[in-house]
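Topology and contacts: notes
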Amino acid sequence: MHLRKRVLVTGGAGFLGSHLCERLLNEGCDVLCADNFYTGSKRNIEYLIGNPYFELLRHDITFPLYLEVDEIYNLACPASPIHYQNDPVQTTKVNVHGSINMLGLAKRIKAKILQASTSEVYGDPTVHPQPETYHGNVNCIGPRSCYDEGKRCAETLFFDYFRQHKLKIKVARIFNTYGPRMHLNDGRVVSNFIVQALRGTPLTIFGDGTQTRSFCYVDDLIEGLVRLMNTNDDVTGPINLGKPGEFTILELAEKVIELSNSKSEIIFKKLPADDPKQRRPDITKARKILEWEPEVELEEGLKRTIAYFDKILK
Ligand code: NAD
Ligand code: UDP
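Residues numbered from 1 in each chain as written. Chains lettered and ligands numbered in written order. Predicted model: local features only at pLDDT ≥ 70, side-chain atom pairs only at ≥ 80, totals over all residues. Heavy atoms only, no water.

**Focus on the environment of Val89**
Topologically, Val89 is positioned in helix H4 (residues 88-109). For the pair Val89 and Glu295, spaced 206 residues apart in the sequence, the C-alpha separation amounts to 37 Å. (Helix = DSSP H or I, 4+ residues; strand = E, 2+ residues; numbered from the N terminus.)

**Examining the site of ligand 1**
Around ligand 1, 31 residues are found, and the nearest of them are Leu16, Asp35, Thr39, Tyr147 and Thr177. A distance of 2.9 Å is found between an oxygen atom of ligand 1 and a backbone nitrogen or oxygen belonging to Phe15. Within the contact set of ligand 1, an oxygen atom lies 2.8 Å away from a side-chain nitrogen or oxygen of Lys151. Protein chains shield 97% of the accessible area of ligand 1, which is 830 Å² for the free molecule. When residues of the shell around ligand 1 are assigned to their parent elements, the largest contribution, three residues, is made by strand E5 (residues 112-118). Partitioned by chemical class, the residues of the shell around ligand 1 number 16 nonpolar, 11 polar and four charged. (Near = heavy atom within 4 Å. Polar contact = N/O pair within 3.5 Å; in protein donor to acceptor, adjacent residues only side chain to side chain. Areas by Shrake-Rupley, 256 points an atom, 1.4 Å probe, with all protein chains shown as cover. Nonpolar A, V, L, I, M, F, W, Y, C, P; charged D, E, K, R; others polar.)

**A look at the site of ligand 2**
By nearness alone, 18 residues border ligand 2, and Thr204, Phe206, Arg213, Asp275 and Arg279 come closest of all. Between ligand 2 and Phe206 there is a distance of 2.7 Å, counted from an oxygen atom to a backbone nitrogen or oxygen. Side-chain polar atom of Gln211 to an oxygen atom of ligand 2: 2.9 Å apart, as the coordinates give it. Burial of ligand 2 by the surrounding chains reaches 96%, relative to a free accessible area of 510 Å². Secondary-structure elements contributing two or more residues to the shell around ligand 2 are helix H6 (189-199) and strand E8 (203-206).

**Examining the pairing of strand E2 (residues 30-35)**
Within E2, five of the six residues are buried, which leaves the element mostly enclosed by the surrounding structure. As defined by bridge partners, strand E1 (residues 6-10) adjoins E2 across five bridges and the pair is classed as parallel. Within E2, the position partnered with Val9 by the bridge is Cys33. Crossover handedness for the path E1 to helix H1 (residues 15-26) to E2: right-handed. When E2 meets strand E3 (residues 54-58), the two strands line up parallel, connected through five bridges. Residue pairing in the sheet places Leu32 in a bridge with Glu55 of E3. (Buried < 20%, exposed > 50% of the residue type's maximum accessible area, 1.4 Å probe, protein only. Pairing = 2+ DSSP bridges. Right-handed = clockwise from strand over helix to strand, strands pointing away.)

**Here we look at the environment of Gly209**
Structurally, Gly209 can be placed in the loop between E8 and strand E9 (212-213). Counting along the chain gives 43 residues from Gly209 to Lys166, while the straight-line C-alpha distance between them is 45 Å. If near-sequence neighbours (up to four positions away) are discounted, Gly209 is found in contact with Thr248, Ile249 and Leu250. (Contact = heavy atoms within 4.5 Å.)

**Digging into H6**
Most of H6 sits out of view: eight of its 11 residues are buried. Every buried residue of H6 is listed here: Val190, Ser191, Asn192, Phe193, Ile194, Val195, Gln196 and Ala197. Contact partners of the buried residues in H6: strand E7 (177-178), E8, helix H8 (249-259) and helix H10 (298-313). Directly beyond the C-terminal end of H6, a positive phi value near 75° is found at Gly200.

**A few points about the packing of aromatic side chains**
On inspection of all chains with the given rule, the structure shows six aromatic pairs. With a centroid separation of 6.3 Å and 75° between ring planes, the pair formed by Phe159 and Phe162 is classed as edge-to-face. Of the two residues, Phe159 and Phe162 are both situated in helix H5 (residues 145-165); the distance of three residues between them amounts to about one turn of the helix. With relative accessibility at 31%, the residue Phe162 sits in the partly exposed group. (Phe/Tyr/Trp six-rings, centres within 6.5 Å; stacked < 30°, edge-to-face > 60°.)

So this is what it looks like as structure tokens:
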């Protein structure tokens, strides 16, 4: 009999994973973090090391893992386009082989398993905002395909294990999330702009900056993931998690410059292939089923993230 819930977080040393591990420890869980440090780092979780209920495993989930837990959050996968395109075959592998390994583990030990899926399953969407019922507009042979199709296949695997093996699954489709502990060279837009603004170097807008995104602060997102994991077994998702406000990338650049009192200028660079033109989550389902509402406004979240980067850049 285990008094504490034992939870495995794959990718636990990454941006979202480190916040999730912290949250689960605060709730009294016994947390196992499995990470191969591809994009994550010990620095993200250094303050957790030494906590007797936190265990760190250096492990690549494309290889099998044998242990006993009650719940699995499967977050392992590089999330930033520059990192996931650096070794695209490994990106597909972590999503397909990695998911098969984690689903196999969940099946053997009868654990509940949550998949960190993504708004990228909608590709460059023709339906706006995106509800979970939209099947997406994804290129299967482009530079983003290793991630987009990898994540789509992972969802397929989750639902086949659910139908075929009666596994308890939860699939969250995460939209752009930002906050402290994003990697300094992460490459995603919020951290790029903040680091550029704080260093006084030009902010690099790809394309003309009219493409849109919705930005969710990390604490809100983690609340959504934990609520989803704790729902009844008949709730499988997929369920969108993100903050519905929509901003152009140019608006974001201007906001970051203003909030960081930066003198940086804005420069325009070539738009990468298959870069989605618009993205905004329809979170009707999350509101209803999880009673979840992201609370941190972009301005407040940016202030907190700027303060974090300001500290680590000094
Ligand atoms: P991140 O890159 O900071 O974290 C990913 C973690 O997974 C890193 O610690 C990395 O070292 C680890 N990892 C990668 N390959 C691994 C492997 N083979 N075995 C073990 N560990 C491995 O990214 P993040 O933003 O924290 O994203 C976490 C998850 O959430 C990812 O699955 C990502 O696809 C998903 N997601 C994130 C966002 C977002 O905006 N942050 C949006 C949609 C989906
Ligand atoms: N982007 C940008 N400058 C940067 C980094 C990203 O203009 O330095 C753009 C990128 O082309 C995309 C948007 O910002 O249109 C969001 O990019 P990100 O990599 O954060 O996530 P995506 O939603 O594209 O996966």
